[in-house]
Amino acid sequence: MRQDGELDALVRQRIRGIRTARGWSLDELAVRCYLSPSTLSRIETGHRRIALDQLAPIARALGITLDQLVEAGGDDDVVIRPHHEPERGITTWLLSHGDAAPGMTVAKLRITRPVPADLRVHPGRDWFTVLSGTVLLRLGERTIRVEAGEAAEFSTMVPHAFGADRGPAEVLCILDHDGERSHLGPQR
């Protein structure tokens, strides 16, 4: 943000936007944050300065953190670009950022490799759903076909590996930190 006025306007917009998204009137939010409806109205419309001692109860009432309410609008690159690893037969799109669930990584994978011979073990659980193609999942001695539209969830303490069956497959997966290191590689 270039100016404090722009951030001020963004905070006002967030307060009104979240309030209306929740279907709350000014009166309902006022009760939740212990401010008068007229004070909230003037805050939202810019007819009153926003005091720090008002922001914390408003954020709490809206169910967000004060940091989320006042963070500057991002000019971040919103395009998620693929990371190709031809030697591993995987292309990765990291879909989660720092604001994702703590300890979890969400990624889309395009898998072109067959199931690797080496099975890995790590603490936690893995979850994936197949978007297209077919994935072969090796869990210990078992090999399980997971088709497009199906999902798998398993303990990663069982030796496991997965790969594409008869052509590329795309999956959406949720991994804990150990799973991220194991399945997405050391460069993550």
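Just so you know, these numbers come straight off a predicted model, no measurement behind them. (Residues numbered from 1 in each chain as written. Predicted model: local features only at pLDDT ≥ 70, side-chain atom pairs only at ≥ 80, totals over all residues. Heavy atoms only, no water.)

1. So, the side chain of Arg113
Here's step 1: Counting through the fold element by element, Arg113 comes out in the loop between β3 (104-111) and β4 (125-132).
Here's step 2: No salt bridge is formed by the buried Arg113. Its closest oppositely charged neighbour is Glu85, at 8.0 Å.
Here's step 3: Those residues within four positions of Arg113 in sequence are excluded, and the remaining contacts are Arg88, Gly89, Ile90, Phe162, Gly163 and Ala164. (Helix = DSSP H or I, 4+ residues; strand = E, 2+ residues; numbered from the N terminus. Buried < 20%, exposed > 50% of the residue type's maximum accessible area, 1.4 Å probe, protein only. Lys, Arg positive; Asp, Glu negative; His and termini not counted. Salt bridge = Lys/Arg side-chain N within 4 Å of Asp/Glu carboxyl O. Contact = heavy atoms within 4.5 Å.)

2. Quick notes on the confidence of the model for the protein
Predicted coordinates in areas of low pLDDT are best not read in detail.
Here's step 1: For the protein, the average pLDDT comes to 85, and 85% of its residues sit at 70 or higher.
Here's step 2: The secondary-structure element of the protein with the lowest mean pLDDT is helix α6 (residues 177-184), recorded at 55, while strand β6 (residues 142-147) shows the highest, at 97. (pLDDT = per-residue confidence, 0-100.)

3. Structural notes on the packing of helix α2 (residues 26-33) against helix α3 (residues 37-45)
When two helices pack together, their arrangement is captured by the angle between the axes and the distance separating the axes.
Here's step 1: Viewed as axis vectors pointing N to C, α2 and α3 meet at an angle of 110°, and their least axial separation amounts to 8 Å. One way to sum up the angle between α2 and α3 is to call them roughly perpendicular. Between α2 and α3, the contacting residues are Leu26, Asp27, Leu29, Ala30 and Cys33 on the first element and Pro37, Leu40, Ser41 and Glu44 on the second.
Here's step 2: Of the residues that constitute the contact of α2 with α3, the class distribution is six nonpolar, one polar and two charged. (Axes fitted to C-alpha atoms, helices over the stretch in contact; angles between N-to-C directions. Parallel < 35°, antiparallel > 145°, perpendicular 65-115°, else oblique. Nonpolar A, V, L, I, M, F, W, Y, C, P; charged D, E, K, R; others polar.)

4. Thoughts on the sheet that holds strand β8 (residues 160-164)
Here's step 1: One open sheet accounts for three strands, arranged β6-β5-β8; its pairing is antiparallel. In this open sheet, the two strands that pair with only one neighbour each are β6 and β8. If you compare each strand with its neighbour and ignore which way they point, the axes differ by 20° on average.
Here's step 2: Across five bridges, the pairing between strand β5 (residues 134-139) and β8 is antiparallel. Its bridge partner being in β8, Arg138 is matched across the sheet by Ala161. (Pairing = 2+ DSSP bridges.)

5. Considerations on the side chain of Thr134
Here's step 1: In this structure, Thr134 sits in strand β5.
Here's step 2: Accessibility expressed as a relative area gives 10% for Thr134, which makes it buried.
Here's step 3: Within polar-contact distance, the side chain of Thr134 engages the side chain of Glu147 at 2.9 Å.
Here's step 4: Each residue touching Thr134, except ones within four places of it in the same chain, is listed here: Arg145, Val146, Glu147, Gly163, Ala164, Asp165 and Ala169. (Polar contact = N/O pair within 3.5 Å; in protein donor to acceptor, adjacent residues only side chain to side chain.)

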